[in-house]
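Single-letter residue listing:
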Amino acid sequence: MNKSRQRVLARPRRSAPPVPRPAAEEVAAAYLEAVRRHVAIGADELEAQLAGRFGLAVDDDLILEAADEVSEDPYSECTLLAGDVLVHAPGLMSGAVLTHRLSAGEQAGGFLVVDTDLAGFLRVSGPTVAEEPLEVDEHDGHLVWIGDEDWFADLPAGALLAVRVTLDGAVTLDPLDADPAVPPGLLERLRDRYEAELAEPGLPVPAEALLLGVRLADRDAFGEPVPPLEDLATAAGLERRGDEFAHAEPVWAAGAEARRHARLIARLGPGGEATVALEALDLLEDPDVDAAGLRRALDLLVAPDAVEAVTEELLGPDDDPAALVAVADRLVAVAGRATRAAVARWMATVAAERDGRVLDAESHLRAACVDAPGWEFVEDRLAWYEADRGDAAAATGRWRAIGVAGDHPDLAFAARFAAGSGPEPGRNDPCRCGSGRKYKQCHLGRAATAPLPERADWLWRKSVAYLERYGRAAEETMIDCALARAGAGGDLEQAITDPLTVDVVLHEQGWFARFLRDRGPLLPDDEALLGASWTAVDRTVYEVLAVRPGEGFDLRDLRTGDTPTVTERTTSRTVPAGTRLCARVAPDGGAGHRFVGGVLEVPPGREGGLLALLEEGTGEDLLGWAAARDAPPRPLGPAGADLRECVARLQVADGAADVLDVEYTPAGDGWVRLDADDRVLAALELADDVLIVRTLTAPRMDDVLADLRVVLPEGRVLSDERSPVAPPTSDLRT
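Keep in mind it's a predicted model, so treat the numbers as computed, not measured.

K.L.:
Where do I start with the sheet that holds strand 26 (residues 690-697) in this structure?
P.N.:
Within a sheet, adjacent strands bond to each other through the backbone by hydrogen bonds, running parallel or antiparallel. With antiparallel pairing, six strands are arranged side by side in an open sheet as 23-24-25-26-22-27. A single partner strand is all that each edge strand has here, and the edge strands are strand 23 (665-667) and strand 27 (716-724). The mean angle between the axes of side-by-side strands here comes to 25 degrees, regardless of whether they run parallel or antiparallel. For strand 25 (residues 680-687) and strand 26, the ladder comprises five bridges, and the chain directions are antiparallel. Bridged to L686 within strand 26 is L691. Along the sheet, helix 2 (residues 24-38) contacts strand 22 (643-651), strand 26 and strand 27; its crossing angle with strand 27, the most-contacted strand, is approximately 140 degrees. Strands strand 23, strand 24 (670-674), strand 25 and strand 26 of the sheet are contacted by helix 28 (residues 656-663), whose axis makes an angle of about 35 degrees with strand 24.

K.L.:
Honestly, the environment of R260 in this entry has me stumped. Any pointers?
P.N.:
In this structure, R260 sits in helix 10 (residues 249-268). When the C-alpha positions of R260 and L281 are compared, they lie 10.0 Å apart, and in sequence the two are 21 residues distant. Setting aside residues no more than four positions away along its own chain, R260 makes contact with L278, L281, E285 and E313. Of note is the side chain of R260, whose polar atom sits 2.6 Å from the side chain of E285.

K.L.:
Explain helix 27 (residues 619-630) to me, please; I cannot follow it from the model alone.
P.N.:
A turn of α-helix holds 3.6 residues, and therefore any two residues three or four places apart point the same way. Between the first and last C-alpha of helix 27 there are 17 Å, a value that for twelve residues agrees with the 16 Å anticipated at 1.5 Å per step. Residues of helix 27 that are buried include every one of G619, L622, L623, W625, A626, A627 and R629, and no others. Structurally, helix 27 contributes buried residues whose contacts are with helix 21 (472-486), helix 23 (499-506), strand 18 (580-583), strand 21 (600-602) and helix 26 (607-616).

K.L.:
Is there a simple way to think about the nonpolar core in this case?
P.N.:
Generally speaking, a soluble globular protein has its nonpolar side chains buried in company with each other. Within the largest apolar cluster, 102 residues are counted, with the highest numbers of intra-cluster contacts made by L284, M347, W399, W534, L610 and L622. Filtering out sequence-adjacent residues up to four positions away, W534 remains in contact with A456, L459, W460, H507, F512, R584, A586, P587, R594 and V596. L102, V205, A207 and F222 belong to the second largest nonpolar core, which has 50 residues in total.

K.L.:
What's the story with the side chain of D410 in this structure? I'm lost.
P.N.:
Counting through the fold element by element, D410 comes out in helix 19 (residues 409-418). Among the polar contacts listed, one links the side chain of D410 to the side chain of R461, at a separation of 2.8 Å. With residues near it in sequence (within four places) discarded, D410 still touches W399, R461, A465 and R469.

K.L.:
Just to check I follow, could you spell out the side chain of S463 for this structure?
P.N.:
Along the chain, the position of S463 falls in helix 20 (residues 452-470). Overall, S463 belongs to the buried group, its relative accessible area being 0%. Excluding anything up to four places from it in sequence, S463 contacts L506, F512 and F515.

K.L.:
Looking at this structure, how should I read the sheet that holds strand 9 (residues 142-146)?
P.N.:
The strand order across the open sheet formed by three strands is 5-9-8, and the pairing between neighbours is antiparallel. Each edge of the open sheet carries a strand with a single partner, namely strand 5 (111-113) and strand 8 (135-139). When the angles between neighbouring strand axes are averaged without regard to direction, this sheet yields 35 degrees. In the sheet, strand 5 pairs with strand 9 via three bridges, with the strands oriented antiparallel. Among the inter-strand pairings, V113 is bridged to a residue of strand 9, identified as V144.

K.L.:
What exactly am I supposed to notice about a negative patch on the surface here?
P.N.:
On the surface, E135, D137, E138, E475, E476, D480, E620 and D621 cluster together into a negatively charged patch. At the level of secondary structure, the elements contributing two or more residues to the negative patch comprise strand 8, helix 21 and helix 27. Within the fold, E475 resides in helix 21. The partly exposed category is assigned to E475, whose relative accessible area is 40%.

K.L.:
Can you walk me through the pattern of salt bridges in this structure?
P.N.:
Pairing is possible between side chains that carry opposite charge, provided their charged atoms lie close to one another. For the structure on display, the rule yields 55 salt bridges. Across the pair R539 and E508 runs a salt bridge whose closest N-O atoms are separated by 2.8 Å. With R539 in the loop between helix 25 (525-534) and strand 15 (540-548) and E508 in the loop between helix 23 and helix 24 (511-519), this residue pair connects regions lying 31 residues apart in the sequence. Given a relative accessible area of 32%, E508 falls into the partly exposed group. Of the charged contacts, one joins E543 and R580 as a salt bridge, the two residues approaching to 3.7 Å between their closest N and O atoms. With E543 in strand 15 and R580 in strand 18, this pair connects stretches of sequence that are 37 residues apart. Residue class for R580 comes out partly exposed when judged on its relative accessible area of 23%. If you follow the salt bridges from partner to partner, you end up with E362, R366, E379, E386, R389 and R398 in one network.

So, how was this worked out
- Residues numbered from 1 in each chain as written.
- Predicted model: local features only at pLDDT ≥ 70, side-chain atom pairs only at ≥ 80, totals over all residues.
- Heavy atoms only, no water.
- Pairing = 2+ DSSP bridges.
- Helix = DSSP H or I, 4+ residues; strand = E, 2+ residues; numbered from the N terminus.
- Axes fitted to C-alpha atoms, helices over the stretch in contact; angles between N-to-C directions.
- Contact = heavy atoms within 4.5 Å.
- Polar contact = N/O pair within 3.5 Å; in protein donor to acceptor, adjacent residues only side chain to side chain.
- Expected span 1.5 Å × (residues − 1).
- Buried < 20%, exposed > 50% of the residue type's maximum accessible area, 1.4 Å probe, protein only.
- Core = buried A, V, L, I, M, F, W, Y, C linked by side-chain atoms within 4.5 Å.
- Patch = residues over 30% accessible without salt bridge, like charges linked within 9 Å, V, L, I, M, F, W, Y side chains within 5 Å.
- Areas by Shrake-Rupley, 256 points an atom, 1.4 Å probe, with all protein chains shown as cover.
- Salt bridge = Lys/Arg side-chain N within 4 Å of Asp/Glu carboxyl O.
- Lys, Arg positive; Asp, Glu negative; His and termini not counted.
- Charge placed at Lys NZ, Arg CZ, Asp CG, Glu CD.

Listed below in C-alpha cells is the structure:
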C-alpha cells in the first residue's frame with residue numbers, strides 16, 4: 001500500500017456526529033458514484049463533497065470506510081494513484097488503445113495476459129468479444145482473459161495487437177501491420193509517472209499505475225497505437241518483473257521486503273508478532289550474523305505461529321530447503337538447551353523433512369522433546385511421527401498428555417489401534433497382522449498389529465494428516481482445488497473439507513505420491529506397499545449392480561466392464577442398485593477392494609460426459625463438474641436468458657428528462673420501458689445528470705442502451721454492471 005493511501009486511511013477519527021446518519025452502504029455507493037462521474041478526483045475533494053452531502057465530518061468513519069472499500073478491493077472500478085487522486089479506471093481509459101504482442105502460449109491457449117501491457121483495462125467489468133463473455137482468471141501468476149479456442153485463429157503468430165475496450169466492456173483486437181512509433185514526450189511522461197508513484201512508498205510500480213497515471217496527466221495519451229508498455233518502459237530505463245517495474249535493485253529488494261511483511265501480517269495479524277517475526281528473519285538471513293544474533297532470533301520465536309511463519313519464509317515460494325537447512329544447522333549448534341534449543345530443533349526437523357531426510361527429522365524432534373518436555377508444539381509433531389510408524393500406543397499417549405481432543409481424527413485413529421485387535425492368537429496360529437506367518441514367528445511378544453485391511457483407513461488418514469501439516473505449498477493447492485469445488489458462490493469452507501477435494505489434491509495433484517516419498521521410511525512396510533498400489537488406480541464411473549447394506553457393493557466399471565466387489569459399510573446403507581458412482585476402487589491389503597478417497601454420485605444420463613472428462617480433463621475439471629452438479633437450478637428470464645441484475649449509469653445532458661418523457665412511460669420518480677403486453681422490461685431514473693438503468697437480463701440491457709444511444713446521443717456510459725441473480729434456496733439439483 002502506498003503512503004498516500006495510508007494517509008487517506010489513517011487520518012484521526014473523531015466521534016460520530018448526531019443522528020440521523022446515512023447507512024454505510026449509501027455512503028459507499030455515493031463514493032463510488034462520485035468517482036465514476038468525475039473520472040478523476042482528489043481524495044480530499046471527494047471527502048469534502050460527501051461530508052457536505054450527508055452532513056458528516058470529513059474524517060467520519062463512514063467516509064473513511066468507503067475509502068477503505070475502494071482502495072482495498074482489487075476488483076473495484078476505482079483506484080488511488082500517487083497524489084491522492086482517485087480515478088475510475090474504465091472511464092479514464094475509455095477511448096484509449098493499448099498494444100500487446102501475442103505470445104505463442106497465449107495463441108495456443110486462447111488467453112490474453114492483461115496485467116502488464118493491457119493493465120489499463122484490468123478493472124473493466126464483464127469483458128466481452130463479439131458479445132460473447134470473456135472468462136477472467138489467472139494463468140501462471142498473471143491475470144488473463146480467456147476466450148473461445150479459436151479466438152486467435154485468424155491472427156498471425158507474434159501479432160502486435162491494438163486492443164480497445166469500451167465502457168460497457170466490449171473488447172476489440174486489431175492486428176497492426178507495423179510497429180508504431182513512440183510519440184514525442186511519451187517516454188518522459190512515463191518516467192515522470194514512475195518517479196511520482198515511486199516517491200511515496202519506494203516500491204516497484206504496478207503496470208496499471210503507470211498506464212493510468214500517464215493517461216491522467218495527458219488525456220490524449222494512448223489515443224493512437226504506441227509500442228507495448230514493456231517496450232516503452234525498457235526505453236525509459238525501467239525493468240519489468242511480473243506486472244511491476246523498477247529502475248534499480250534496491251527498489252526490487254524493498255518490494256520483496258514489503259510483500260514478506262504483508263504475508264506475515266496476513267498470517268500473524270497486524271500486532272507485534274509479525275514485527276517480531278520480521279526481526280527474527282532479518283537476523284537469520286544476515287550472512288554476517290554471529291552466535292549472539294542467532295540466539296536473539298531464537299529468543300524472539302517463542303510463539304509456535306511465528307516459528308512456522310518464519311520457517312515458511314526461509315523455505316521461500318519454491319519450497320527450497322537449502323537456506324533453511326543452512327540456518328537450522330547453525331541454530332542447533334548455538335542454541336544451548338531448553339525452549340530455545342527446541343525451537344532450533346523444530347526448524348531443523350522441517351529442514352530435514354523438506355530435504356528428504358525424515359529419519360534425521362525424527363531425531364531432531366526427539367531431542368526437542370527432551371529440551372522442552374511437554375511443549376505441545378514439539379510433542380504434537382513427534383506424536384504424528386509415532387502414528388505414521390504405526391506405534392499407536394505411543395502416539396495416543398503423547399497426544400492425550402498434551403490435551404488433544406478425543407474426537408480429533410489423528411488421535412481417534414491412533415486410539416482405535418492402540419486398543420489392540422482382539423484376543424491373542426496361539427503360538428502356532430496365523431499372526432493377526434495378516435502376514436500369513438505363524439504368530440510365534442511374527443508378532444509374538446510385540447505390540448499387536450491389526451490386519452492390513454483394517455489399517456487401510458488409517459493409511460488414508462495419514463496421507464491427509466501429511467497434507468494438513470505440510471505448509472504453504474499444500475495449503476495453496478488445497479485452496480485452488482476448493483475454489484473449483486465450490487464453484488461460483490459456493491461455500492469455500494465446506495469445499496476445503498469435501499472428501500472429493502482432498503482426494504483430488506492427493507491423487508490428481510500428486511500429493512499422495514509425495515506423502516509416500518516423504519513419509520515412506522516411517523510407514524510399516526505393508527502400508528507403504530499398499531499405498532504404492534493405490535497410486536496406480538485411476539478414477540472411473542461404476543454402476544452399482546448389487547448392494548449388501550452395511551457390507552459393500554458389487555460394481556461394474558462402465559469404462560472397462562470389470563466387476564469388482566467392494567467392502568464398504570456406510571455408503572452401502574443408503575445407495576441403491578443402479579446408482580452410478582464416480583470413485584477409485586483399490587486393493588484393501590487383503591483379498592478384497594475398497595473405495596479410496598471421495599465418492600461422487602453421478603446423475604443419470606451424465607456418465608458418458610464424465611468419463612470423457614476423466615479421460616481428458618484435470619482434477620480441477622472434475623471438481624468443477626461436481627460444483628455444477630451441486631449448483632441450484634439456474635434462474636432464467638424470457639427466452640431462456642440468464643437472470644442478471646443489470647445496472648448501467650450514463651451521464652446525460654440537460655433536457656434528458658423531456659426526451660425520456662416522450663420515449664418511455666413515466667412511473668413514480670422515473671420511467672419504465674414496456675413490451676406489447678405492458679410487461680416492464682427496464683426501469684430508468686435520473687439523479688442529477690446521471691441516468692440509472694436497471695434490467696433483469698443482459699439482452700434487455702443491450703436493447704435499452706442501443707435505444708438510448710439513438711434518443712440521447714450525447715449520453716456517455718459511466719458504468720455497466722451485470723451480476724448473476726442468486727436463485728432461491730432449494731434442495732433441488734440439476
